Amino acid sequence: MGTATPFHFSLIVAASALILPLLAFGVIMVATRSRHRLSAVISIGAAGLSLMAAVTLLVQHWQMPAPLVFQTVWVVSGQTAIPLGILLDPTSLLMFTVVAAISFLVQVYSLGYMAGDPGFGRYYGCMSLFAWAMLSLTVSSSLLQLYIFWELVGLASYLLIGFWFDTFSASEAGKKAFVMTRTGDVAFLLGLVLLWLQLGTLDIPVLTDPAAVAAQLSPGMTTLTALLIFGGIVGKSAQFPLLTWLPDAMEGPTPVSALLHSATMVAAGVYLFARLFGFFSLSPTAMAVCLTIGTVSMLLAATMAMVARDIKQVWAFSTISQLGFMLMGLGAGSLFAGVFHLVTHAGFKALLFLSAGVFIHHCHTNDMAAIGRQGGRRLKSAVACTIVGAGALSGLPPFSGFFSKELILGHLLDSGHPVAFLAAAVGAFLTTYYSFRLIFILLFPRDGGDDAPPADSHGDRGHGGDRAMAVVLWCLAGVTLALGFFQAPLQDFLARTGGGAGAAAHHGWLPVAACLLAAVAIGQAWFEFGRPKASRIGWVERFPLLADLFGQRWYLDRFYRFLLDTLVYRGVSRWFAANDRRVIDGAVDGLGRSTVSLGRVAAWLHAGMIQYRLMVMFAAVVGLILFIAWGG
């Protein structure tokens, strides 16, 4: 492991990339929030400079022989010293660049989408806060530091999801996301405490050294801490059973959805697993749990997307499903398969959400059938980019998703997980089906669809804003088309972290089978939604009970409501309320009543009744005389 002097060039560049978004957030929220254009310039300028810094670091360290760690002591308490630092290695540099790129492109896109919104300045301030927290998370040198920024990412996402807080549904969605992700974070924190007590350190380079960990942790303790940390991953990456908050998070602005779903908040969970891959790989049980949870999440989310009508929710369910794919690759033992799909997914998922934003921007609805009826297919750039993104999501060649999905499927075969492989194949089929179901509904609406989209009524969103949005879409489309061909260089680069980065053996029949499976799924979607006499009813919708099961998200939200009502509101809350009334209030009320009673007694004794006083004095004197006489 390499270290460097405090003024190392890489440290200066990395620190600048982190500080600039934080400074932008502070300046915007304190000084320029009411000046919309200036706020946007400051935020986008900071994001652009951070992207330049990230690319500079990636290029400079493409051939790095060992990780670079820059650390300083942050807090000292007795014999305990807590460090604060920056860790630069292939995994962090790759994610650092992806986060910086997506953040910059989303902010540029927002110039058009958010123009005229009264909260424009506040929006860019929150965007800068989010970028700072996520960039800092990716290069944290210790798990404690990573956890701090993990929580800051959660805070920033809450502010962005509930950005339109005057809308009740947006406010509720923000709270739901915050609470459900905190549920997983409690497990994460417990895992950190156990690691600290057992190892005395939370430095990531130490935790990812299998020999160092195995020498100090028993297999059972390793499994326990790994599963607790994985609990945080489940919450942040919206995996089963904590997956229902993510579709509701679509209440925020569409650029926020693109940012959260592509390379930042929900990807943070998968990144944490990749970051600690060496630690997780010490526990076969933890790896098996990861593989199982990823498989279940992937299938459940795919079924939910098959019946969704909200265009953003379809892509939201696909995000949960694709994150499950990534965890399947990582859980099966391939670091590169999981990380490569994370990188390719960042590009095509941002493309899909931002393309959806163009439709919503012009048609003022999230309903894909309504978008089709209002002439959504006349928005040529958005349609073309949606097809490119859907092709990558479906794993079609030559798009980037084809290469990364084929890699995961191949590794599932080679690692001896035939059931997971079959589940992944089913998931890939369903993904292609619901992706092209959406496309055919947009392109071939039931009632015409040749009407021009209505004029924009959200303020000053003129041609300049449309151009900004289009430029970003075509940039992401280019990335989606090209990124898959960089598989070999990225694999060599990531392998420098050591262990688990290798690819699976090539199966010549697998790409052919995957393409045939995708063709069948496209044909099914065309038959039901694309052909001239199509019924526009999916095969799932022909079974009302099944459609209701998928549409109600497998009744997970109802189950959570039942648990809240039964255990929390009627159980714990009622017990606390009774304890408050009978014990706390009872003690206070009893003390008050006792004070009042004593006051009444004292008042009675001082009521001016002379005869009683004389009687008491006489009795006291008599008693004293008798005592003295008896004593004598």
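Model, not experiment: these values are computed from the prediction.

As for the overall build of the chain
Each helix and strand in the chain was counted, giving 26 helices and three strands. Per-residue burial for the chain yields a buried fraction of 54% across its 632 residues. Long-range pairs, those at least 24 residues apart, make up 79% of the contacts in the chain with a sequence separation of at least 6. As presented, the chain carries roughly 26500 Å² of accessible surface, and 70% of it is formed by carbon and sulfur atoms. Between the mean site of the 36 positive side-chain charges and the mean site of the 29 negative ones, the chain shows a separation of 5 Å.

Some points on the nonpolar core
In this structure, Leu143, Phe273, Phe280 and Ile311 are the most contacted members of the largest nonpolar core, which totals 200 residues. For this core, the leading source of residues is helix H16 (residues 335-363), giving 19 residues. Leaving out residues up to four positions away in the same chain, Ile311 has contacts with Ala356, Phe359, Ile360, Asn366, Met368, Ile371, Leu438 and Leu442.

Considerations on the packing of aromatic side chains
Per the stated rule, a full pass over the model turns up 23 aromatic pairs. Between Tyr109 and Tyr113, the ring centres sit 6.2 Å apart and the planes meet at 20°, which makes this aromatic pair stacked. You can see Tyr109 and its partner Tyr113 sitting in helix H3 (residues 90-113), four residues apart, about one turn around the helix. An identical accessibility class is assigned to Tyr109 and Tyr113; each is buried. Considering the side-chain rings of Tyr123 and Phe163, the 5.6 Å spacing of their centres and the 80° angle between planes classify their relative orientation as edge-to-face. Of the two residues, Tyr123 sits in helix H4 (residues 120-138) while Phe163 sits in the loop between helix H5 (143-161) and helix H6 (168-199), which places them 40 residues apart along the sequence. A relative accessible area of 0% places Tyr123 in the buried class. Looking at Phe163, the relative accessible area reads 1%, which means it is buried. Three or more aromatic residues joined by ring pairs form one cluster here, namely Phe120, Tyr123, Tyr124, Phe163 and Trp164.

What to know about a nonpolar patch on the surface
Together, Leu155, Tyr158, Leu159, Phe178 and Val179 give the surface a local cluster of nonpolar side chains, amounting to about 380 Å² of exposed area. Looking at the nonpolar patch, the elements with two or more residues in it are H5 and H6. No other element matches the three residues that H5 contributes to the nonpolar patch. Take Tyr158: it is sitting in helix H5.

Considerations on the pairing of strand S2 (residues 68-77)
Pairing analysis gives nine bridges linking S2 to strand S3 (residues 80-88), with the strands arranged antiparallel. From the neighbouring strand, Phe70 faces S3, where its bridge partner is Ile86. Here S2 folds back onto S3 in antiparallel fashion, the turn holding two residues, of which Gly78 has a positive phi close to 65°.

A look at H5
In this model H5 runs 26 Å from its N-terminal to its C-terminal C-alpha over 19 residues, within 8% of the 27 Å that 1.5 Å per residue would give. Here H5 has its buried residues at Leu143, Gln145, Leu146, Tyr147, Phe149, Trp150, Val153, Gly154, Ala156, Ser157, Leu160 and Ile161.

Examining unusual backbone geometry
Across the junction of Phe240 and Pro241, the peptide omega takes the value 5°, indicating a cis bond. Tracing the sequence through the fold places Pro241 in the loop between helix H9 (219-236) and helix H10 (245-248). Residue Pro397 is joined to Pro398 through a cis peptide bond whose omega torsion reads 5°. Unusually for a residue other than glycine, His364 sits at a positive phi of about 60°. Here His364 lies in the loop between H16 and helix H17 (368-373). Here the phi dihedral of Arg536 falls at roughly 60°; this positive angle occurs in a residue that is not glycine.

Quick look at the pattern of salt bridges
Going through the model one piece at a time under the given rule, you end up with nine salt bridges. Its salt-bridge partner being Glu172, residue Lys175 comes within 2.8 Å of it at the nearest N-O pair. Of this pair, Lys175 and Glu172 both sit in helix H6, separated by three residues, roughly a single helical turn. Ionic pairing is found between Arg182 and Asp185, a salt bridge with its closest N-O pair at 2.7 Å. With Arg182 and Asp185 both in helix H6 and three residues apart, this pair spans about one turn of that helix. Take Asp185: its relative accessible area is 2%, and that puts it in the buried class.

Focus: H16
Given a rise of 1.5 Å per residue, 29 residues ought to cover 42 Å, and the 42 Å separating the end C-alpha atoms of H16 matches this to within 8%. His345 marks the point of greatest bend in H16, at about 30°. Most of H16 sits inside the fold, with 29 of its 29 residues counted as buried. Near the N-terminus of H16, the side chain that reaches the backbone nitrogen of Ala337, with its oxygen 3.1 Å away, is that of Ser334. His364 sits one or two residues past H16 and shows a positive phi near 60°.

A closer look at the side chain of Ser355
Here Ser355 shows up in helix H16. In contact with Ser355, not counting residues within four places along its chain, are Ala382, Cys385, Thr386 and Leu473.

Some remarks on the environment of Ala425
Locating Ala425 in the fold gives a position in helix H20 (residues 418-443). The exposure class assigned to Ala425 is partly exposed, which follows from its relative accessible area of 22%. A sequence separation of 87 residues divides Ala425 from Gly338, and the C-alpha atoms of the two residues are 16 Å apart.

Structural notes on the environment of Leu190
For Leu190, the position within the fold is in helix H6. Given the relative accessible area of 48%, Leu190 is considered partly exposed. Along the chain, Leu190 and Trp164 lie 26 residues apart, while their C-alpha atoms are 34 Å from each other.

Remarks on the packing of H4 against H5
Put simply, H4 and H5 touch, their axes get as near as 8 Å, and they point 155° apart. Classified by the interaxial angle, the pair formed by H4 and H5 is roughly antiparallel. In the crossing of H4 with H5, the sense of the turn from one axis to the other is left-handed. Residues Tyr123, Cys126, Met127, Leu129, Phe130, Trp132, Ala133, Met134, Ser136 and Leu137 of H4 lie in contact with H5, whose contacting residues are Leu146, Phe149, Trp150, Leu152, Val153, Ala156, Ser157, Leu159 and Leu160. A per-class count over the contact of H4 with H5 returns 17 nonpolar, two polar and no charged.

Focus on the confidence of the model for the chain
Residues with a pLDDT of 70 or more make up 92% of the chain, whose mean pLDDT is 86. Across residues 1-7 the pLDDT falls below 50, and counting only partners more than four positions away or on other chains, this stretch makes 14 contacts in the model. In this model, residues 452-464 is a region of pLDDT below 50 whose contacts with residues beyond four sequence positions or in other chains number 28 contacts.

Analysis parameters
- Residues numbered from 1 in each chain as written.
- Predicted model: local features only at pLDDT ≥ 70, side-chain atom pairs only at ≥ 80, totals over all residues.
- Heavy atoms only, no water.
- Helix = DSSP H or I, 4+ residues; strand = E, 2+ residues; numbered from the N terminus.
- Buried < 20%, exposed > 50% of the residue type's maximum accessible area, 1.4 Å probe, protein only.
- Contact = heavy atoms within 4.5 Å.
- Areas by Shrake-Rupley, 256 points an atom, 1.4 Å probe, with all protein chains shown as cover.
- Lys, Arg positive; Asp, Glu negative; His and termini not counted.
- Charge placed at Lys NZ, Arg CZ, Asp CG, Glu CD.
- Core = buried A, V, L, I, M, F, W, Y, C linked by side-chain atoms within 4.5 Å.
- Phe/Tyr/Trp six-rings, centres within 6.5 Å; stacked < 30°, edge-to-face > 60°.
- Patch = residues over 30% accessible without salt bridge, like charges linked within 9 Å, V, L, I, M, F, W, Y side chains within 5 Å.
- Salt bridge = Lys/Arg side-chain N within 4 Å of Asp/Glu carboxyl O.
- Pairing = 2+ DSSP bridges.
- Expected span 1.5 Å × (residues − 1).
- Bend = angle between axes of the 7 residues up to and from the residue.
- Polar contact = N/O pair within 3.5 Å; in protein donor to acceptor, adjacent residues only side chain to side chain.
- Axes fitted to C-alpha atoms, helices over the stretch in contact; angles between N-to-C directions.
- Parallel < 35°, antiparallel > 145°, perpendicular 65-115°, else oblique.
- Left-handed = near helix turned anticlockwise from the far one by under 90°.
- Nonpolar A, V, L, I, M, F, W, Y, C, P; charged D, E, K, R; others polar.
- pLDDT = per-residue confidence, 0-100.

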